[in-house]
Amino acid sequence: MGATLAVLVSCAAPPMVMAEEHGQEAVEDLEKAAQDSAKGSTSKAAKELNEAEKHLIKENKAHPYAEPMKQISGDAPKAEADRKAFRELKKAEKDAKKKVAGDAADEAKKALSDIKEKEKAP
């Protein structure tokens, strides 16, 4: 029984570690994008925002969380924070491509805040 449990735990650990790595890389990319947007380097920020989005998608694939069938406000805080992060990320990407640096920086910071909120959520 103990050996079976150890095998199950060891098999489950790598996806969790991968998810954490992707989450950390997304945070780092968003921080860089916010800084670059604030400096006016929107083309560089757009690339970093795109990378952050890829890392968030990989994080969600490596460690998916279940949403309830019937959505009740506040019932799935991780899912809600994730939706907000992707929404802000898309806005930031559009503004970076349009060369609207200030707005892209603000939206990247909001997406970063949403990701940190997701990490803290139960």
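Procedures and definitions
Note that residues are indexed from 1 along each chain, following the sequence as it is written. With pLDDT at 70 or above as the cut-off, local features in this predicted model cover only qualifying residues; side-chain atom pairs require 80 or more to be listed or tallied, and sums for whole chains, interfaces and linings still use all residues. Each side-chain value is worked out from all heavy atoms of the structure, with water and hydrogens disregarded. Runs of H or I in DSSP of at least four residues are treated as helices and runs of E of at least two as strands, each being numbered from the N terminus. Only residues whose relative accessible area exceeds 30% and that form no salt bridge are eligible for patches; like-charged ones are grouped when within 9 Å, while nonpolar side chains (Val, Leu, Ile, Met, Phe, Trp, Tyr) are grouped when within 5 Å. What sets the accessible areas is the Shrake-Rupley method with a 1.4 Å probe; for residues, cover comes only from the shown protein chains. Each salt bridge in this description consists of a side-chain nitrogen of Lys or Arg and a carboxyl oxygen of Asp or Glu lying within 4 Å of one another. The charge count includes Lys and Arg as positive and Asp and Glu as negative, but it does not include His or the ends of the chains. Every charge is mapped onto a representative atom, which is NZ of Lys, CZ of Arg, CG of Asp or CD of Glu. Residue exposure (1.4 Å probe, protein chains only): buried if accessible area is under 20% of the type maximum, exposed if over 50%, otherwise partly exposed. In what follows, residue pairs with any heavy atoms lying within 4.5 Å of each other are defined as contacts.

Draft legend 1. Molecular detail of unusual backbone geometry. A positive phi angle, near 70°, is found at lysine 99, a position not held by glycine. Along the polypeptide, lysine 99 turns up in the loop between helix H3 (77-97) and helix H4 (101-120).

Draft legend 2. Spatial organisation of a negative patch on the surface. On the surface, Glu20, Glu21, Glu25 and Glu28 cluster together into a negatively charged patch. When you line up the elements, glutamate 21 lands in helix H1 (residues 2-39). Note on glutamate 21: relative accessible area 44%, which makes it partly exposed.

Draft legend 3. Spotlight on the environment of alanine 92. Tracing the chain through its elements places alanine 92 in helix H3. A relative accessible area of 0% means that alanine 92 is categorised as buried. The sequence separation of alanine 92 and asparagine 50 amounts to 42 residues, and the corresponding C-alpha distance is 9.8 Å. If we ignore the near neighbours within four places in the chain, the residues touching alanine 92 are Leu49, Ala104, Glu107 and Ala108.

Draft legend 4. Representation of the pattern of salt bridges. According to the stated counting rule, one finds 7 salt bridges in the structure shown. Here lysine 90 makes a salt bridge to glutamate 53, at a shortest N to O gap of 2.7 Å. With lysine 90 in helix H3 and glutamate 53 in helix H2 (residues 42-62), this pair connects stretches of sequence that are 37 residues apart. Overall, the relative accessible area of 40% leaves lysine 90 in the partly exposed class. Of the residues examined, glutamate 53 reaches a relative accessible area of 11% and is grouped as buried. Where arginine 83 meets glutamate 80, a salt bridge forms, and the shortest distance between an N and an O atom there is 3.0 Å. Of this pair, arginine 83 and glutamate 80 both sit in helix H3, 3 residues apart, roughly one helical turn.

Draft legend 5. How the structure looks around the side chain of glutamate 107. With respect to the helices, strands and loops of the structure, glutamate 107 is situated in helix H4. Of the buried charged residues, glutamate 107 lacks a salt bridge, with lysine 91 as the closest side chain of opposite charge at 5.7 Å. Apart from the residues within four sequence positions on either side, glutamate 107 is in contact with Glu88, Lys91, Ala92 and Asp95.

Shape is all these values report; function is a separate question.
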